[in-house]
Amino acid sequence: MSAFRTLDDAGALTGKRVLMRVDLNVPMVNGRVTDATRIARVVPTIREVADKGAKVILLAHFGRPKGKREPKDSLEPVVPALSQALGRPVAFAADCVGDDAARAVAALKDGDVLLLENTRYHAGEEKNDPAFADALAANGDIYVNEAFSAAHRAHASTEGLAHRLPAYAGREMQAELEALTKGLEAPQRPVIALVGGAKVSSKIDLLENLVAKVDMLVIGGGMANTFLHAQGKAVGKSLCEKDLAETATRILAAADKAGCRIILPVDAVAATEFKAQAPHETVPVDAVPEGSMILDAGPRSVSEINAAIDGAKTLVWNGPLGAFELAPFDAATVAAAKHAAARTKAGELVSVAGGGDTVAALNHAGVAADFTYVSTAGGAFLEWLEGKALPGVEALRAKG
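Quantities reported herein were computed from a predicted structural model and do not represent experimental measurements.

### Remarks on the sheet that holds strand 4 (residues 55–59)
- In spatial order, the strands read 5-6-4-1-7-8; together these six strands make up an open sheet with parallel pairing. Of all the strands in the sheet, just strand 5 (91–93) and strand 8 (167–169) have a single pairing partner and so form its edges. The average angle at which neighbouring strand axes cross in this sheet is 25°, direction not considered.
- Strand direction decides the pairing type here: strand 7 (residues 142–145) and strand 8, joined by three bridges, are parallel. Counterpart to Val144 in the pairing with strand 8 is Tyr168.

Below, the structure is given as structure tokens:
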């Protein structure tokens, strides 16, 4: 982690005002938090900094108010859940800048925690407006970024502040960066990437970056159908972006040139309708009935994927292998996930997963806790895999 400044580099924190950017964009129903996963992930860093005698001032966004004060996007209803998770009171200020914020910060004692109102109530947040970043910085002595999920945004609270105050990665941000470094930047080889999901169109950049970085690439889910079509195989009524056949062919050629082995399904579970427990059959991928659709990879495909995982030291996973929300079309995803988890628990594999449906799929398989690291950051995780620089991360790089 020498490439990034972390809390270990921050020195004594007693009496310091620590502006900490966190992700509290949690699901809410009738004013109550329904999933506190994101809160739980930032609690250790908040507690560590507070226990070291700092005044912890939390910055976060909620929803998409686009610079307007929308009551439905207030962070105040998050306070009870945050306070409960921390096991200590959390104060709240009705604004993140100006007199309300300044008064609330001035009232803090060492070790206190304060949550400021939604940064996106101000248009200057998403514009990364220098004056707004200055106003935020006025309330702090140190900046800690603990919101990797927002690190792909060059906003005032995620990037601008890092240039105005001594800036450090929080523990969750540090863990994310260490995991991603192990996954793609400096991995143990061979590296296998598993990419699934519905559409090639949403993952062109990702696939093109991965074929140049990994040794094996498994392509699954609906997007595999586009590659099968590009190879001249009939995929029946399956989800398939036929207009992207040329793109798929280009990616296959790039993989061949880079020495990356592409693993596509060799058999498939097909059904005539998209619903749970629909009548289905397992067929070779070159024998899909005209009126059927591919909803999962077949057992021979799973065996090939698991054998490839056995030959790898590092796994990067993004997306399911089939329609995992519908039984029995979750079988391939569950089987491969359990195999990867077992290899990880045996100390034979570094497994890093994240992005959208990936977390849900691994939770469904019951193995999320057994992977080396599972990222809850959708967009930021994908942009990292695509090889893009993340503004909130770049701002934390150690100088020199």
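### A closer look at the sheet that holds strand 12 (residues 267–271)
- Here three strands make up an open sheet; going across it, the order is 13-12-14 and the pairing antiparallel. Two strands bound the open sheet, and with one partner strand each, they are strand 13 (280–284) and strand 14 (293–297). In this sheet, neighbouring strand axes are inclined to one another by 40° on average, regardless of whether the strands run parallel or antiparallel.
- Relative to strand 13, strand 12 runs antiparallel, the two sharing five bridges. Following the sheet pairing, Ala270 is matched in strand 13 by Glu281.

### Remarks on the UniProt feature "binding site: (2R)-3-phosphoglycerate" (unreviewed entry) in the chain
- This chain's UniProt record puts "binding site: (2R)-3-phosphoglycerate" (unreviewed entry) on Arg38, Arg120 and Arg153.
- Examined against the element boundaries, Arg38 turns out to sit in helix 1 (residues 37–51).
- Residue class for Arg38 comes out partly exposed when judged on its relative accessible area of 26%.
- For Arg38, the contacting residues outside a window of four places in its chain are Asp23, Asn25, Val26 and Thr376.
- Within the structure, the side chain of Arg38 is placed 3.2 Å from the side chain of Asp23, a separation counted as a polar contact.
- Mapped onto the fold, Arg120 is located in the loop between strand 6 (113–116) and helix 4 (123–126).
- Taking the relative accessible area as the measure of exposure, Arg120 reaches 7% and is therefore buried.
- In this structure Arg120 touches His61, Gly63, Arg64, Pro65, Lys66, Gly67, Lys68, Glu125, Glu126 and His155, once residues within four positions along its chain are discounted.

### A closer look at the domain arrangement of the chain
- Here the chain is described as being made up of domain 1 (7–173) and domain 2 (187–386).
- Here the C-alpha centre of domain 2 lies 37 Å away from the C-alpha centre of domain 1.
- Taken together, the contacts link seven residues of domain 1 with 10 residues of domain 2.
- Surface buried jointly by domain 1 and domain 2 totals about 680 Å² across both partners, of which 56% is contributed by carbon and sulfur atoms.

### Re the packing of helix 1 against helix 2 (residues 79–86)
- Taken N-terminus to C-terminus, the directions of helix 1 and helix 2 make an angle of 60°; their axes are 9 Å apart at the nearest point. As far as their axial angle goes, helix 2 and helix 1 are oblique. With respect to the hand of their crossing, helix 1 and helix 2 are arranged in right-handed fashion. Of the residues in helix 2, those touching helix 1 at Ile39, Val43, Ile46 and Arg47 are Ala81, Leu82, Ala85 and Leu86.
- Tallied by class, the residues present in the contact of helix 1 with helix 2 amount to seven nonpolar, no polar and one charged.

### Some remarks on unusual backbone geometry
- With omega at 5°, the peptide bond leading from Arg189 into Pro190 counts as cis.
- With respect to the element layout, Pro190 can be found in the loop between helix 7 (171–185) and strand 9 (191–195).
- Across the junction of Ala327 and Pro328, the peptide omega takes the value 5°, indicating a cis bond.
- Summarising the element assignment, Pro328 is placed in the loop between strand 15 (314–318) and helix 12 (331–345).

### Observations regarding the pattern of salt bridges
- Under the criterion given, the structure shown has 23 salt bridges.
- Across the pair Glu126 and Lys66 runs a salt bridge whose closest N-O atoms are separated by 3.7 Å. Here Lys66 lies in the loop between strand 4 and helix 2 and Glu126 lies in helix 4, a separation of 60 residues in the sequence.
- Look at Glu126 and you get partly exposed, because its relative accessible area is 29%.
- Two residues, Arg189 and Asp215, come together in a salt bridge whose shortest N-O distance is 3.0 Å. Taken together, the positions of Arg189 in the loop between helix 7 and strand 9 and Asp215 in the loop between helix 8 (204–211) and strand 10 (216–219) put the pair 26 residues apart, joining distant regions of the chain.
- What makes Asp215 partly exposed here is its relative accessible area of 26%.
- Linked by salt bridges that have partners in common, Asp8, Glu48, Lys52 and Arg171 make up one network.

Criteria and thresholds
- Throughout this document, residue positions are counted from 1 along each chain, in the order its sequence is written.
- Owing to the predicted nature of the model, reporting of local features is limited to residues with pLDDT of at least 70; listing and counting of side-chain atom pairs is limited to 80 or more, with chain, interface and lining totals taken over all residues.
- Based on all heavy atoms of the structure, the side-chain values leave hydrogens and waters out of the count.
- By this definition, two strands are paired if DSSP reports at least two bridges between them.
- Under the scheme used here, helices are H or I runs from DSSP no shorter than 4 residues and strands are E runs no shorter than 2 residues, and both carry numbers assigned from the N terminus.
- Here, axes are lines fitted to C-alpha atoms. For helices the fit covers the stretch in contact, and angles between N-to-C directions go from 0 to 180 degrees.
- UniProt positions are given in the numbering used here, feature names are shortened, and annotations may be inferred rather than shown by experiment.
- A simple rule labels every residue: compare its accessible area, found with a 1.4 Å probe on the protein chains alone, to the largest value its type can have, and call it buried under 20%, exposed over 50%, or partly exposed in between.
- Here a residue-residue contact requires only that any non-hydrogen atoms of the pair lie within 4.5 Å.
- Polar contacts, as used here, are pairs of N or O atoms within 3.5 Å; protein pairs need one atom able to donate a hydrogen and one able to accept it. Residues neighboring in sequence count only if both atoms are side-chain atoms.
- Note: domain ranges come from an automatic or database domain assignment.
- Buried area is understood as the total, over both parts, of accessible area removed when two parts are fitted together, assessed with a 1.4 Å probe.
- For this classification, under 35 degrees means roughly parallel, over 145 means roughly antiparallel, 65 to 115 means roughly perpendicular, and everything else is oblique.
- What makes a crossing left-handed is the near helix being turned counterclockwise from the far one by less than a right angle; a clockwise turn instead makes it right-handed.
- Each residue receives one of three labels: charged for Asp, Glu, Lys and Arg, nonpolar for Ala, Val, Leu, Ile, Met, Phe, Trp, Tyr, Cys and Pro, and polar for the others, Gly being one of them.
- Salt bridges are counted wherever a side-chain nitrogen of Lys or Arg sits within 4 Å of a carboxyl oxygen of Asp or Glu.

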